[in-house]
Amino acid sequence: MPRVRKGSEVEKNGNWYARIRWTEETGKRKDLWIPAKNKSHASEIVQEKLQEIKEHGENSLDKSRITFAYLADYFEKNYLVAAEYIEGRKISGRRSLEGLTAQVNAMREFFGKKPLRSISYGDISRFRLQRLKTPCFRTGKQRSIASVNRELALLRRMLNVAAREQWLIKNPFNLGEPLISVADERKRERILSREEEQKLLQACEHPHRKHLRAIIICALDTGMRRGEILKLKWSDVDLISGLITVRAFNTKTMRERTVSITSRLTQELNHLWDDSTKNPDDLVFGISNNVKRSFTSVRKEVGLNDLRFHDLRHSLASRLDDLGFSLAKIGSQLGHTQLQTTLRYVNRDKSSIKQVANALDAFNSESTTEIAMEMIN
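I will try to describe carefully the structure that is included in this document. (Residues numbered from 1 in each chain as written. Predicted model: local features only at pLDDT ≥ 70, side-chain atom pairs only at ≥ 80, totals over all residues. Heavy atoms only, no water.)

Some thoughts on the overall build of the protein chain
Step number 1: Along its length, the protein chain carries 15 helices and 8 strands.
Step number 2: Sequence-distant contacts in the protein chain: of pairs separated by 6 or more residues, those separated by 24 or more amount to 59%. (Helix = DSSP H or I, 4+ residues; strand = E, 2+ residues; numbered from the N terminus. Contact = heavy atoms within 4.5 Å.)

The following block contains the structure:
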């Protein structure tokens, strides 16, 4: 086994260093030089490293040289890869790689060749602040807290990988107050009104947009995610029983669920089936990646510039809430595993909020009348 010979404080060219020297089993001598502020600081580093060796072994010293850039390359090669499935279950990789490389590049630019073990809680906090101040590349607008939270979640994941590989002793994320606060994210409250829905669907009357019309109706009437809709195959659709099976490997939560088909969605699906090759393995909507562009074109055409495709899912949740469905049933329809998630989707607009006051006014008026009648009698 390698054996550490000594640790010492060394001054070189006016700069102080902590030096750890050991000899490997092969007889090769190795030195680790760590910059220090002064002799006292160098002494502290020496003691820290000797303690690290005692707890984690001499090989820990070599691993202390590993930089964030190395981790970023390793993570991209081994973790930012397409998902692989066995019997419908994801065993490795990620379902979506969109935007992840750009996020890793932003981290690589900030942390660079900084040794992993020198990255502090304060460094991550400064990275968070810098990202919040950096406008979005595509739009030039203020970067949202939710967007930065997703980057921080990815960074935390990367540092957890480093800890498992023993390149990092402790994840600095765990050394202070939580840096990811979902509560600070601005809740999106965009709900599609019936009038706006009609405008959107009318703009899809063109033959070239028949698939988009069906996709929008599917999103509004089932609450399926965009990816779930685009990956839907005819073998997942039962027009006779009026049910759609959302396969586990197409969902965000990796849980299969079944959703019902409304009358208008049945009509759209029948049209698509009539025009299809009748192959059960074909995609229902025949679109794999360009719906975002066509949806953007339609919503801008009818003046709904602030509408996002995901808002259609929120709209269904709010409509089901207005119809009196419980959070549990709404969450089951949307494929949520936690009621707290469903609560974020149930966005009550001003008219539905006003209904609460109207109902209470009616209750209060009725109660006042009953009390008055009792006093008269």
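So that's the structure; there's more coming.
A short note on the nonpolar core
Step number 1: Counting 36 residues, the largest nonpolar core has Ile216, Ile244 and Phe285 as the members making the most contacts within it.
Step number 2: Breaking this core down by element, the ones donating at least two residues are α7 (194–202), α8 (210–222), α9 (226–230), β7 (243–246), α10 (263–274) and α11 (291–301).
Step number 3: Sorting elements by how many residues they give to this core places α8 first, with 8 residues.
Step number 4: In contact with Ile244, other than residues within four places in its own chain, are Met224, Leu232, Asp236, Val237, Arg257, Thr258, Val259, Ile261 and Leu265. (Core = buried A, V, L, I, M, F, W, Y, C linked by side-chain atoms within 4.5 Å. Buried < 20%, exposed > 50% of the residue type's maximum accessible area, 1.4 Å probe, protein only.)

Concerning the packing of aromatic side chains
Step number 1: Here the structure, examined in full by the defined rule, presents 11 aromatic pairs.
Step number 2: Centroid distance Phe75 to Tyr79: 5.1 Å. Interplanar angle 15°. Geometry classified as stacked.
Step number 3: According to the relative accessible area criterion, Phe75 is buried, its value standing at 0%.
Step number 4: Judged by relative accessible area, which is 21%, Tyr79 ranks as partly exposed.
Step number 5: Just above the ring of Trp33 sits the side chain of Lys12; from NZ or CZ to the centre is 5.3 Å.
Step number 6: For the cation-ring pair, Lys278 lies above Trp273, with the distance from its terminal atom to the ring centre recorded as 5.6 Å. (Phe/Tyr/Trp six-rings, centres within 6.5 Å; stacked < 30°, edge-to-face > 60°. Lys NZ or Arg CZ within 6 Å of the ring centre and 35° of its normal.)

Considerations on the packing of helix α4 (residues 100–111) against helix α5 (residues 121–133)
Step number 1: As a packed pair, α4 and α5 sit with axes 11 Å apart at the nearest point and diverge in direction by 120°. By the angle between their axes, α4 is oblique relative to α5. For the crossing formed where α4 meets α5, the hand is right-handed. The segment α4 lies against α5, with Ala106, Met107, Phe110 and Phe111 engaging Asp123, Ile124, Arg126, Phe127, Gln130 and Arg131.
Step number 2: For the contact of α4 with α5, the residue count by class is 6 nonpolar, 1 polar and 3 charged. (Axes fitted to C-alpha atoms, helices over the stretch in contact; angles between N-to-C directions. Parallel < 35°, antiparallel > 145°, perpendicular 65-115°, else oblique. Left-handed = near helix turned anticlockwise from the far one by under 90°. Nonpolar A, V, L, I, M, F, W, Y, C, P; charged D, E, K, R; others polar.)

A closer look at the packing of α7 against α8
Step number 1: For the pair α7 and α8, the least separation of the axes is 9 Å and the interaxial angle reads 155°. In terms of axis orientation, α7 runs roughly antiparallel to α8. Two secondary-structure elements touch here, α7 through Glu197, Leu200 and Leu201 and α8 through Arg213, Ile216, Ile217 and Leu220.
Step number 2: The residue makeup of the contact of α7 with α8, split by class, is 5 nonpolar, no polar and 2 charged.

As for unusual backbone geometry
Step number 1: Even without glycine at this site, Gln166 takes up a positive phi of about 65°.
Step number 2: Overall, Gln166 belongs to the exposed group, its relative accessible area being 51%.
Step number 3: Phi at Lys278 takes a positive value of approximately 65°, unusual for a residue other than glycine.
Step number 4: By the element assignment, Lys278 lies in the loop between α10 and α11.

As for the sheet that holds strand β6 (residues 237–238)
Step number 1: The 3 strands are arranged β6-β7-β8 in an open sheet whose pairing can be described as antiparallel. Each edge of the open sheet is held by one strand with a lone partner, namely β6 and β8 (257–260). (Pairing = 2+ DSSP bridges.)

Focus: the pattern of salt bridges
Step number 1: Overall, the coordinates contain 17 salt bridges when judged by the stated rule.
Step number 2: Among the ionic pairs, Glu197 bridges to Arg319, the shortest N-O distance being 2.7 Å. Taken together, the positions of Glu197 in helix α7 and Arg319 in helix α12 (residues 310–322) put the pair 122 residues apart, joining distant regions of the chain. Accessibility classification places Glu197 together with Arg319 in one group, the buried group.
Step number 3: One salt bridge in this structure joins Asp275 and Lys210, with 3.0 Å as the shortest N-O distance. With Asp275 in the loop between α10 and α11 and Lys210 in helix α8, this pair connects stretches of sequence that are 65 residues apart.
Step number 4: Put simply, Arg194, Glu197, Asp221, Arg264 and Arg319 are held in one network by salt bridges that share partners. (Salt bridge = Lys/Arg side-chain N within 4 Å of Asp/Glu carboxyl O.)

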